[in-house]
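# Coordinate inspection notes
Each chain is listed here by its residues.
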Amino acid sequence: MAKIPINIATGSLQQEEIIVGIDLGTTNSLVAIIHPETKQPVALKEHDSSSLVPSVIYFDETGSIVVGDLAKQHLIDSPERTIFSAKRLMGKSYNDIRNNASFFSYKIIDDNTESLVKVQVGDKFYSPVDLSSFILKELKQRAEHILKTPVNKAVITVPAYFNDAQRQATRDAGKLAGLDVLRIINEPTAASLAYGVGLDKNEHKIIAVYDLGGGTFDISILRITGGIFEVLSTNGDTYLGGDDLDNAIVQYWIQQCNIDTAKLENDTSFAQAIRLKAEQAKKHLSANDSFDDQLGEYTFSLSKEKFESLIRPLVDKTLQCCRNAVKDAGLKATDIDTIVMVGGSTRVPLVKESVSKYFGKEVNDQVNPDEVVALGAAIQADILAGGNKEFLLLDITPLSLGIETAGGLMDVLIPRNAKIPSKAARQYTTQVDGQSGMRVSVFQGERDLVKDNRKLAEFNLTNIPGMPAGLPKVEVSFLINADGILTVSAKELRSGVEQSIEVKPQYGLTDAEVEQMLMESITHAKDDIAVRALTEAKTEGEQLLKTTERFLQKNAAELSKQELIDTANAMQALQLSITMEDKDLVHKKIEELNEISRPYAERIMDTAISQAMKGKQV
Ligand code: AMP
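Starting from 1, residues in each chain are numbered consecutively following that chain's sequence as written. Residues qualify for local features only when their pLDDT is at least 70, as the model is predicted, and side-chain atom pairs are given and counted only at 80 or more; totals for whole chains, interfaces and linings, by contrast, use all residues. Derived side-chain values reflect all non-hydrogen atoms in the structure, with water molecules and hydrogen atoms excluded from consideration.

## Examining the packing of helix 9 (residues 304-328) against helix 10 (residues 349-359)
Lines are fitted to the C-alpha atoms to define the axes, a helix being fitted only along its stretch in contact, and any angle between axes, read from their N-to-C directions, falls within 0 to 180 degrees. By definition, any uninterrupted DSSP run of H or I lasting at least four residues is a helix, any uninterrupted run of E lasting at least two residues is a strand, and each is numbered from the N terminus. One way to put it is that helix 9 packs onto helix 10 with a least axis distance of 9 Å and a crossing angle of 35°. For helix 9 against helix 10, the interelement crossing comes out right-handed. Of the residues in helix 10, those touching helix 9 at Lys304, Glu308, Ile311, Arg312, Val315, Leu319, Cys322, Arg323 and Val326 are Pro349, Leu350, Val351, Ser354, Val355, Tyr358 and Phe359. Each residue gets one label: Ala, Val, Leu, Ile, Met, Phe, Trp, Tyr, Cys and Pro are nonpolar, Asp, Glu, Lys and Arg are charged, and the others, such as Gly, are polar. Here the contact of helix 9 with helix 10 is built from residues that sort into eleven nonpolar, one polar and four charged. In a left-handed crossing the near helix is turned counterclockwise from the far helix by less than a right angle, and in a right-handed crossing that turn is clockwise. Contact definition: two residues touch when any of their heavy atoms are within 4.5 Å.

So, in structure tokens, the structure goes:
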């Protein structure tokens, strides 16, 4: 009857699988979890280092990939091998970024097509999905190292303005990194959760989430009623963030120091060095009144006052977005109850003051603005894990979704700002007698002609039985799931012929590329499985050692001398096997320690139970 408490390897102390929250940022990324004891969200970090992992990837000459702080250092010495701001490329074609191509110091392939951009490093090509997967892989490994347990499940946040293609790309990057992405959620939704807004069922509030990160600006207006989050409107600028504040400083210094702009164009190392110096100045000025420093032959200085005059137009631009968002939500600035500040750039005093002035209220900035989104993602992960079942998150579609109809017209099935999840269906028919196929082209956007919108996918409904034109009834259905990802299906209702498609958003992965990625994941699957099995065995061994130790501290007096010696030897052998990276050996030693401890564990339990029974009246 008695369970053996010491056998935790298979027993009741087994921990539930952890789900992490990940903020995959333009500048920095990080992982957070709900602390198992305090039940509070915490960002993961190694000892006293930062929780932020720079979203920077460095490819060295030998093909090794370095992510984070170490990679960031190479921005100066190897700008062409060091990739930053990869998130800006997610789901983008070269045409999308053409005007901003000079922003990147690495090589972006201009194939002049609609397909997704690729980045070239040496003789290798990487898609933004690959690049994001490298960052996610690093985050996963860090989390596993810190938590000493495998991490396979995650909630990942994306900007509210990410379209389906970009959400799907983020999900794919997670998959490539070996993560089961349980949910993609909007960053502002996560940030509000981190402030605990809406946790009280009786709370009714309108919230503005002002997110000025490294590369992007995003303002979202949310309504929270009875524990339900609803995004009323979103606005922002994909090319406005801390990087632009840095840029304003760079431009000023170039002018002040008479630096030849050709030097900046030709000497990428110098360009990066001056960028980093400008960022340093900006951060310094968040807490000080002036900055002075040297870079080679140049002396750079900047007063807080001058800095504020340089960035005021950028701050004003964000306020204009706020005005638009408030208007789209059908509200006035004074209707906003709470303002949440997100993103490292909201540390700039002028930003805080300006936002506070516009809304006529103090802003909420108590939670670390770099961590707040990840912390919210961890809370969402906890909700998914069953920790908080009563929550519902409602998001909206940022752009309309529809199909192409005769004459290249956009026929919207799911309008912009529709609540997610969402479903819609509409019937169409053929134009020609005996027409046996129908092409379904899916577009996203607000324009009337599909050529002005963004194509997401295309498929053919085939095998429609020959009928006169206008007779077949083809029902096209759109389904956006809770992650904001779209599935399109088409069914000819008279014959039942049906075709459905997981929307393959045109963010650039051709079938061959997907196949290659799959092949690669299969090739590496063996290694991945082996690594995971070893990590699991080691964790199991370490946990068993800890419980045995605790058990001995309490019960050593009940053990014979021989039992103590045998246990000590078995523990030592297990400890040794853990350091030897041999999964089978670890399992063997776990089993041996269990064999030794089982008899006395049972004995002690039985004694404890019979003593407890003695004291009771039966
Ligand atoms: P994120 O995308 O949220 O990681 O944004 C990071 C941005 O915040 C970068 O542009 C940083 O330069 C900026 N940042 C971080 N700390 C500060 C600070 N103390 N003052 C001003 N900007 C900061």
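## Remarks on the packing of aromatic side chains
The geometry of an aromatic ring pair is captured by the separation of the ring centres together with the interplanar angle, meaning the angle of the planes. Pairing of aromatic side chains requires ring centres within 6.5 Å, counting the rings of Phe and Tyr and the six-membered ring of Trp. Pairs whose planes differ by under 30 degrees are stacked, by over 60 edge-to-face, and all others tilted. Enumeration according to the criterion identifies twelve aromatic pairs in this entry. With a centroid separation of 5.8 Å and an interplanar angle of 50°, the aromatic rings of Phe270 and Tyr298 are classed as tilted. Separated by 28 residues along the polypeptide, Phe270 in helix 8 (residues 268-285) and Tyr298 in strand 17 (residues 298-303) bring together distant segments of the chain. For the residue pair Phe270 and Tyr298, the accessibility class agrees, reading buried in each case. A centroid spacing of 4.7 Å and a plane angle of 65° characterise the contact between Tyr358 and Phe359, whose relative ring orientation is edge-to-face. Burial classes follow relative accessibility: with a 1.4 Å probe on protein chains only, a residue under 20% of its type's maximum area counts as buried, one over 50% as exposed, and anything between as partly exposed. We classify Phe359 as buried; its relative accessible area is 1%. Connected via pairs of aromatic rings, a cluster forms that spans Trp253, Phe270, Phe291, Tyr298 and Phe300. For a lysine, the NZ atom is tested; for an arginine, the CZ atom; a charge sits over a ring if that atom is within 6 Å of the ring centre and within 35 degrees of the ring normal. We note Lys263 situated over the ring of Phe270; from NZ or CZ to the ring centre the distance is 4.5 Å.

## As for the packing of helix 1 (residues 69-77) against helix 8
For the pair helix 1 and helix 8, interaxial distance at closest approach is 6 Å and the crossing angle is 125°. What the angle tells us is that helix 1 and helix 8 run oblique. In this structure, helix 1 uses Lys72, Leu75 and Ile76 to contact helix 8, whose residues at the interface are Ser269, Gln272, Ala273, Leu276 and Glu279. Here the residues of the contact of helix 1 with helix 8 are counted per class, giving four nonpolar, two polar and two charged. Any angle between 65 and 115 degrees counts as roughly perpendicular, while under 35 counts as roughly parallel, over 145 as roughly antiparallel, and the rest as oblique.

## Regarding the confidence of the model for the chain
Note on scores: pLDDT gives the predictor's confidence for each residue, bounded by 0 and 100. Chain-level pLDDT for the chain is 84 on average; 87% of the residues reach the 70-or-more range. Across the chain, the secondary-structure element scoring lowest on mean pLDDT is strand 19 (residues 392-396), at 51, and the one scoring highest is helix 10, at 98. Scored below 50 in pLDDT, residues 1-15 shows 28 contacts in the model against residues more than four places distant or in partner chains. Per-residue pLDDT stays below 50 along residues 504-518; that stretch engages in 29 contacts with residues further than four places along the chain or on separate chains.

## Some details on the site of the ligand
Proximity is defined per residue: any heavy atom of the residue falling within 4 Å of a molecule or strand makes that residue near it. The full set close to the ligand counts 15 residues, and Gly214, Glu279, Lys282, Ser286 and Gly344 are the nearest of them. Lys282 has a polar side-chain atom sitting 2.7 Å from an oxygen atom of the ligand. One of the side-chain nitrogen or oxygen atoms of Arg347 is found 3.3 Å away from a nitrogen atom of the ligand. Coverage of the ligand by the protein chains reaches 89% of its 510 Å² of free accessible surface. Looking at the shell around the ligand, the element that brings in the most residues is helix 8, giving three residues. Taken together, the residues of the shell around the ligand break down into one nonpolar, nine polar and five charged. A domain assignment, automatic or from a database, supplies the domain bounds used here. Both domains that furnish three or more residues to the shell around the ligand are identified here as domain 1 (19-195 + 369-384) and domain 2 (201-365). Here a polar contact is taken to be a pair of N or O atoms separated by no more than 3.5 Å, where protein atoms must pair a possible hydrogen donor with a possible acceptor and residues adjacent in sequence count only if both atoms sit in side chains. Surface accessibility follows the Shrake-Rupley procedure with a 1.4 Å probe radius. Residue values consider only the protein chains on display as shielding.

## Some points on the nonpolar core
Generally speaking, soluble globular proteins have nonpolar side chains that are buried together. Throughout this description, the term nonpolar core refers to a set of buried Ala, Val, Leu, Ile, Met, Phe, Trp, Tyr and Cys residues connected via side-chain atoms within 4.5 Å. Within the largest apolar cluster, 51 residues are counted, with the highest numbers of intra-cluster contacts made by Tyr210, Ile219, Ile221, Trp253, Ile274, Val355 and Phe359. Top element by residues in this core is helix 9. It accounts for nine residues. The residues touching Ile219, leaving out its near neighbours within four places in the chain, are Ala208, Val209, Tyr210, Ser233, Thr234, Asn235, Gly236, Cys321, Cys322, Ala325 and Phe359.

## Digging into the environment of Thr82
Take Thr82: it is sitting in strand 7 (residues 82-83). Placed 39 residues apart in sequence, Thr82 and Val121 show a C-alpha to C-alpha distance of 8.4 Å. Leave out the neighbours within four places in its chain, and Thr82 touches Val56, Ile57, Tyr58, Ala71, His74, Leu75 and Tyr106. A polar contact of 3.1 Å, which involves the side chain of Thr82, links it to the backbone oxygen of His74.

## A word on helix 9
Helix span, as expected, comes to 1.5 Å for every residue beyond the first. Its 25 residues give helix 9 an end-to-end C-alpha distance of 34 Å, which sits within 8% of 36 Å, the value for a rise of 1.5 Å per residue. If you check which residues of helix 9 are buried, you get Phe307, Glu308, Ile311, Leu314, Val315, Thr318, Leu319, Cys321, Cys322, Ala325 and Val326.

## Looking at unusual backbone geometry
Negative phi is the rule for most residues except glycine; trans is the rule for most peptide bonds. Of note in this structure, Lys39 is not a glycine but carries a positive phi near 65°. One can find Lys39 in the loop between strand 2 (28-34) and strand 3 (41-43). Residue Lys39 is classed as exposed on the basis of its relative accessible area of 57%. Backbone geometry at Ser85 places phi at a positive 55°, although glycine is not the residue there. Relative to the elements of secondary structure, Ser85 occurs in the loop between strand 7 and helix 2 (94-97).

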